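The residues making up each chain are set out below.
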Amino acid sequence: MKTLDKGIFITFEGNDGCGKSTAVRGVYDELVKRGYDVVVTREPGGSKIAEKIRSLILDNDNMGMDSRTESLLYAASRREHIVKVIKPALEKKQIVLCDRYIDSSLAYQGYARGIGIDEVYEMNMFATEGLLPNLTVFVVADPEVGFQRIRKNARELDRLEHEDIKFHKDVYLGYMKACEKYPDRIKKVNGEQTLEEAVNEAISVVVNFVEGK
Ligand code: TMP
């Protein structure tokens, strides 16, 4: 097993249906193959209480949830996840790969829900005590494509996925704004190539970062 000087925190972001979760699995397999100690997790959720908050947020029974309530619940779930999973792993000098993190809140709640990116960022600074990823991989794909893709999936749509295409286009614009604000941290991967090509691009971005090339 390769040992690192300190833990590395890497997050993956993108619209629903962009192929991000497949990229996380591909990156995980490659890092493990290279001998790294890797933890893979997701938000909202990733720990017992955080998963309970996830169920509450995504429950179709909770349509019409107030936007700030939603934003606070994502942040509460994030707080639990950091304390129970992310921080302990980073302290053990592991690589943490997390499917979604703060930029989802900036894009979905800050921009698409209209709360304001800066307001949601500040609220998350309280929840996270300033813990930001070392690297964020943003899988960029036309929101229309992801929107159609999740509707072809066999499983039932969750509360956020039920939002209309205008909402998902706003999420995309919100991500673009986050990229402009944090260009050093957020790296874009083209999600409009074949899924295999997109995964390979994500792998090379992460491996280059971890191996400091
Ligand atoms: P998932 O489908 O990628 O697991 O994410 C669940 C939904 O939650 C997805 O539609 C994105 C949304 N989300 C937010 O709106 N804000 C957040 O902070 C996070 C982490 C996810």
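Trainee: When you look at the side chain of Arg185 in this model, what are you seeing that I'm missing?
Mentor: By the secondary structure assignment, Arg185 is in the loop between helix H7 (165-181) and strand E5 (186-190). Residue class for Arg185 comes out buried when judged on its relative accessible area of 9%. A polar atom in the side chain of Arg185 sits 2.8 Å from the side chain of Thr136. Dropping the residues within four chain positions of it, Arg185 is found in contact with Asp103, Pro133, Asn134, Leu135 and Thr136.

Trainee: Is there a simple way to think about the sheet that holds strand E2 (residues 38-42) in this case?
Mentor: Paired through backbone hydrogen bonds, the strands of a sheet run either parallel or antiparallel to each other. As summarised here, the arrangement of the 5 strands in space is E2-E3-E1-E4-E5, forming an open sheet in which the pairing is parallel. Both edges of this open sheet fall to E2 and E5, since each of them pairs with a single strand only. Taken over all neighbouring pairs, the strand axes of this sheet differ in orientation by 20° on average, direction set aside. Sheet topology note: the strand E4 (residues 135-140)/E5 ladder contains 5 bridges and is parallel. The residue of E5 that forms the bridge with Val140 is Asn190. Docked against the sheet, helix H1 (residues 20-33) engages strand E1 (8-13), E2, strand E3 (95-99) and E4, running at close to 165° with respect to E3.

Rules used in this analysis
Residues numbered from 1 in each chain as written. Predicted model: local features only at pLDDT ≥ 70, side-chain atom pairs only at ≥ 80, totals over all residues. Heavy atoms only, no water. Helix = DSSP H or I, 4+ residues; strand = E, 2+ residues; numbered from the N terminus. Buried < 20%, exposed > 50% of the residue type's maximum accessible area, 1.4 Å probe, protein only. Polar contact = N/O pair within 3.5 Å; in protein donor to acceptor, adjacent residues only side chain to side chain. Contact = heavy atoms within 4.5 Å. Pairing = 2+ DSSP bridges. Axes fitted to C-alpha atoms, helices over the stretch in contact; angles between N-to-C directions.

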